[in-house]
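Residue strings, one per chain:
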Amino acid sequence: MDPQAVVDHLVDAGVGRGSTVALVVAPGRGLGLAWADRSLAIETAAPAAAVQAVEDAVAPRWAVWSAATAVALAADGVRLVKSWDAVAVHRLLFGGWRADPGRIWARLHGLPTSEIPSAGPVDLFNQGDDDLDPEQPVRADGHLKPDWIDGGWAASPERMARWAAVLLEVARLQDAAVDEVAARSDRPMARRTAFAESTAELLCAELMTDGLPMDRSAMESLVSAYVGPRPQSEREAADLRSQRDEVVLQHVPQGIRFDLRSPTQVKSMLRVVGVEVPDTRAWRLEGLRDVHPLVDALLTWRKAERVQTTFGYAWLDENLGGDGRFRGEWSGSDGAAGRMTASAGLHNMPADLRGGVVAEPGHVFIRADLGQIEPRVLASVSGDGSLAAATQADDLYAPVAVELGVDRATAKVAVLGAMYGQTTGEGARALVGLRRSYPVAMAYLDEADRAAQVGTDLRTYGGRLVRMGSAALGEPGQPGSMGEREARSRAAARGRYGRNAMVQGAAAELFKVWAVTVRARGRALDAHVVLCLHDELLVHVPTEHAADAAALVDDALQEAAARWAPDRTVRFLAETSTIRTWAEAKA
């Protein structure tokens, strides 16, 4: 069946814009589709062409198992516009990270996850499925068959169609579960969150496929400034490492050697020169740079060592392609509060190396960073009118400082401390003022804290389940039991995590709505999101469209905020700039 015939078939069957169509793709073999009460399998060596034809003509909402489908299609130049991602929605509904088809199916059908079958040889504990039709995907006990999950669904066109039908049932059940969350948990944004999370996975597929523009020569020059030229042999690498070590060790008495990679020996080394510290954490040593030259040398060495071991030549060789694009794995959710994640150092690249991230010739980056996003989100999700009023200022902490009668720095520490559960220091002392001036926001955080302490799972503003675990102490002397002091300590830690997750999770939801809005609106300008870093977007765009793209990014934030927080009482803003290299962005 040629692509146009597929389109005609779907149109004749009543599929239109926004209709849900389940899609499974077997590269080089074909695809399966399911919609309404029908399914279809297409044998073709180029399934992407059929998908693209349907996308262009019908623009459905594609139900997919995971971002892997979008990755496979993106490799052939296909960009899905809308999706319902079963893995993304499962993590939203049930929390955590594990979200394979067997687990998704089991949770939706009320089946025990402890009894999910696994693939393997038939033995005493795994009797196989000989009593059932092997051409059916569901076992007698209701679980999905492991061999189908592991790729057996692609063995024939009939199986592709049945697997698509299974996926369509999953999408329908998830859709109903999202509605239940919205009604039962008072999280009316759950449906919009499910759509945004699914589209964020499409964005992740494109980030993986397209990569981040990077200049190899510039990046190697930056790496070389820390660790020296690229070694030509293992022996040369060892010599360079020894030379870097010696720059530090020259500050201790001759004849004494220390292993700089051992925290215990580093602590002893510092003691030799009269620097006593309880630990060797970088933030602690930063305050002692001027006490002894050894401290400054050690901190400089640490930066070089990090570059060498994590962001050195091997890092570039492994992840930077010949096309000048740096690629890592991306996920729309971290399995906790829901922040986007990336591998290959894309989320923790040292600022000193950002000069190697360079726009391609004829292009620039639009860099936009959400301003003071966490307190603004807190004002929105808590419904605190007084804190919402403070968000009208460009610098939210300024009116908060006036209200509390403290300086701006103390006001900032107080607000952030309230969200992170800080109980000591100047910020904690200002908490009394925060409770007086912003009681609704503080009550919102306190409620999350109390619930988390006793192990009650939480749901973010957008409906994501954040698992808190059990708070049970257990019986004294029994496995898993703990003393009262340890139990209280763990409960307090859960409380701090819970209050922060309610803000961080909501901020992640808003950020992704913004990112996918930029993704959608940017196509007209050939503008593409190439990096999502916490609260920061980096968009790659032709130079002639730079001004329009910068305006688009700002407009997209207001559109996203209107969708995410419809009452519009909170002001959200971003610092936007047009740059040639990522290093030009304001730190």
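A brief report on the enclosed structure follows. (Residues numbered from 1 in each chain as written. Predicted model: local features only at pLDDT ≥ 70, side-chain atom pairs only at ≥ 80, totals over all residues. Heavy atoms only, no water.)

Observations concerning the overall build of the protein chain
Convention followed: For helices the rule is a DSSP run of H or I covering at least 4 residues; for strands it is a run of E covering at least 2, with both sets numbered from the N terminus onward. When we talk radius of gyration, it's over C-alpha atoms, and the globule rule is simply 2.2 Å times the number of residues to the 0.38. Remark: exposure states derive from per-residue accessible area (1.4 Å probe, protein chains only) relative to the maximum for the residue type, with buried under 20%, exposed over 50%, and partly exposed in between. Two residues qualify as a contact provided that any one of their heavy atoms is within 4.5 Å of a heavy atom in the partner residue. The Shrake-Rupley method, run with a 1.4 Å probe sphere, supplies the accessible areas, and residue values consider only the shown protein chains as cover. For the purpose of counting charges, residues Lys and Arg are taken to be positive, whereas Asp and Glu are taken to be negative. His and the chain ends are not included. Every charge is mapped onto a representative atom, which is NZ of Lys, CZ of Arg, CG of Asp or CD of Glu.
The helix and strand inventory of the protein chain stands at 23 helices and 15 strands. The C-alpha radius of gyration computed for the protein chain amounts to 27 Å, which stays within 12% of the reference 25 Å derived for 587 residues, consistent with globular compactness. Dimensions of the protein chain along its principal axes, counting C-alpha atoms only, are 80 × 65 × 65 Å. In the protein chain, which comprises 587 residues, the share counted as buried stands at 51%. Restricting the contact set of the protein chain to residue pairs at least 6 apart, pairs at least 24 apart contribute 65%. If you sum the accessible surface of the protein chain, you get close to 26400 Å²; carbon and sulfur atoms cover 51% of it. The centroid of the 64 positive side-chain charges in the protein chain is displaced by 5 Å from the centroid of its 78 negative side-chain charges.

Notes on the packing of aromatic side chains
Stated precisely, the cut-off is as follows: A pair of Phe, Tyr and Trp rings is counted when the ring centres sit within 6.5 Å of each other, with Trp represented by its six-membered ring. The angle between the planes then sorts it: under 30 degrees is stacked, over 60 is edge-to-face, the rest tilted. Note on geometry: a ring has a charge over it if NZ (lysine) or CZ (arginine) is within 6 Å of the ring centre and within 35 degrees of the ring normal.
Taken as a whole, this structure holds 8 aromatic pairs when the rule is applied. An aromatic cluster of three or more residues is present, and its members are W65, W148 and W163. Across the ring face of F195, the terminal group of R61 is positioned such that the distance to the ring centre comes to 3.8 Å. Residue placement shows R354 over the ring face of W582; its charged tip is 3.9 Å from the ring centre.

Structural notes on helix α23 (residues 546-564)
Note the following rule: Expected helix span is given by 1.5 Å per residue-to-residue step, counting one fewer step than there are residues.
Here α23 contains 19 residues, and its C-alpha end-to-end distance of 27 Å stays within 8% of the 27 Å for a straight helix at 1.5 Å per residue. Buried within α23 we find A546, A549, A550, L552, V553, A556, L557, A560, A561 and W564.

Section: the side chain of R91
Quick reminder of the rule: Here, a salt bridge means any side-chain nitrogen of Lys or Arg that lies within 4 Å of a carboxyl oxygen of Asp or Glu.
With respect to the helices and strands, R91 occurs in helix α4 (residues 86-94). E201 provides the closest opposite charge to the buried, unpaired R91, separated from it by 4.7 Å. Other than its neighbours up to four places away in sequence, R91 contacts G96, W97, A99, S331, R464 and L465.

Observations regarding the packing of helix α15 (residues 373-382) against helix α21 (residues 439-453)
To be explicit about the condition: Axis lines are fitted through C-alpha atoms, for helices just across the contact stretch, and the angle between N-to-C directions can take any value from 0 to 180 degrees. Note on terminology: angles under 35 degrees are roughly parallel, angles over 145 are roughly antiparallel, angles of 65 to 115 are roughly perpendicular, and the others are oblique. Under the convention adopted here, Pro, Cys and the residues Ala, Val, Leu, Ile, Met, Phe, Trp and Tyr are nonpolar, Asp, Glu, Lys and Arg are charged, and Gly plus all remaining residues are polar.
The contact between α15 and α21 brings their axes to 9 Å, and the two run at 90 degrees. In terms of axis orientation, α15 runs roughly perpendicular to α21. In this structure, α15 contributes L378, V381 and S382 to the contact, and α21 contributes V440, A441, M442, Y444 and L445. The residue makeup of the contact of α15 with α21, split by class, is 7 nonpolar, 1 polar and no charged.

Remarks on the pattern of salt bridges
All told, the structure shown has 36 salt bridges when counted by the stated rule. Of the charged contacts in the structure, one is a salt bridge between R230 and D317, with a shortest N-O distance of 2.8 Å. Note that R230 is positioned in the loop between α9 (216-227) and α10 (234-249) and D317 in helix α14 (residues 313-319), a separation of 87 residues in sequence. Between R339 and D535 there is a salt bridge, and its shortest N-O distance comes to 3.8 Å.

With respect to the nonpolar core
Where we set the bar: Side-chain atoms within 4.5 Å link the members of a nonpolar core, which is a set of buried Ala, Val, Leu, Ile, Met, Phe, Trp, Tyr and Cys residues.
If you look at the biggest cluster of nonpolar residues, it comprises 102 residues, and the most contacted ones within it are V377, V400, L434, W514 and C532. In terms of residue count, the dominant contributor to this core is helix α22 (residues 484-522) (11 residues). Beyond its immediate stretch of four places on either side in the chain, C532 contacts L203, L207, W330, M340, H347, F511, A515 and L537. Listed in part, the 36 residues of the second largest apolar core include A63, L108, V170 and V181.

Topic: the state of the cysteines
For clarity, the cut-off: Two cysteine sulfurs form what is called a disulfide whenever their separation falls within 2.5 Å.
For the coordinates displayed, the defined rule picks out 0 disulfides. We note that C204 lacks a disulfide partner, and the nearest cysteine sulfur, in C532, lies 7.1 Å from it. Exposure remark for C532: the relative accessible area of 1% places this residue in the buried category.

Remarks on the sheet that holds strand β14 (residues 536-542)
Applicable threshold: Pairs of strands are assigned from DSSP output, requiring at least two bridges between the strands.
Strand order in the open sheet formed by 4 strands is β13-β14-β10-β15, and the pairing between neighbours is antiparallel. Of all strands in the sheet, those with a lone pairing partner are β13 (528-533) and β15 (574-579), marking the two edges. Between one strand and the next, the sheet's axes are offset by a mean angle of 20 degrees, whatever the strand orientation. Of the pairings in the sheet, the one linking strand β10 (residues 363-370) to β14 comprises 7 bridges and is antiparallel in character. Looking at the pairing, H363 lines up with P542 of β14. Sheet strands touched by α23: β10, β14 and β15. Its angle to β10, the strand with the most contacts, is close to 20 degrees.

Side note on the environment of L396
Structurally, the position occupied by L396 is in the loop between α16 (385-390) and α17 (397-404). Take L396: its relative accessible area is 0%, and that puts it in the buried class. Placed 21 residues apart in sequence, L396 and P375 show a C-alpha to C-alpha distance of 8.2 Å.

Looking at the packing of helix α3 (residues 67-74) against helix α8 (residues 190-210)
The cut-off we apply is this: The sense of a crossing depends on the near helix, which, turned anticlockwise from the far helix by less than a right angle, makes the crossing left-handed and, turned clockwise, makes it right-handed.
Relative to each other, α3 and α8 sit at 45 degrees, their axes nearing to 8 Å. Considering the angle they form, α3 stands oblique to α8. When you trace α3 past α8, the crossing you get is right-handed. For the pair α3 and α8, contact is made by A67, A70, V71 and A74 and by E201, L202, A205, M208 and T209, respectively. For the contact of α3 with α8, the class distribution of residues is 7 nonpolar, 1 polar and 1 charged.

Comments concerning unusual backbone geometry
Despite not being glycine, Q372 shows a phi value in the positive range, around 50 degrees. Looking at the secondary structure, you find Q372 in the loop between β10 and α15. Notably, H534 is not glycine yet its phi reads approximately 60 degrees, a positive angle. Topologically, H534 is positioned in the loop between β13 and β14. A residue is classified by how much of its surface remains accessible, and H534, at 40% relative accessible area, is partly exposed.

So, the sheet that holds strand β5 (residues 83-85)
One open sheet holds the 5 strands; their spatial order is β3-β2-β1-β4-β5, and the pairing between them is mixed. Every interior strand has two partners, whereas the edge strands, β3 (38-43) and β5, have only one. Adjacent strand axes in the sheet meet at a mean angle of 25 degrees when their direction is disregarded. Across the face of the sheet, helix α2 (residues 47-57) comes into contact with β1 (20-26), β2 (30-35) and β4 (61-64) while running at roughly 35 degrees to β2.

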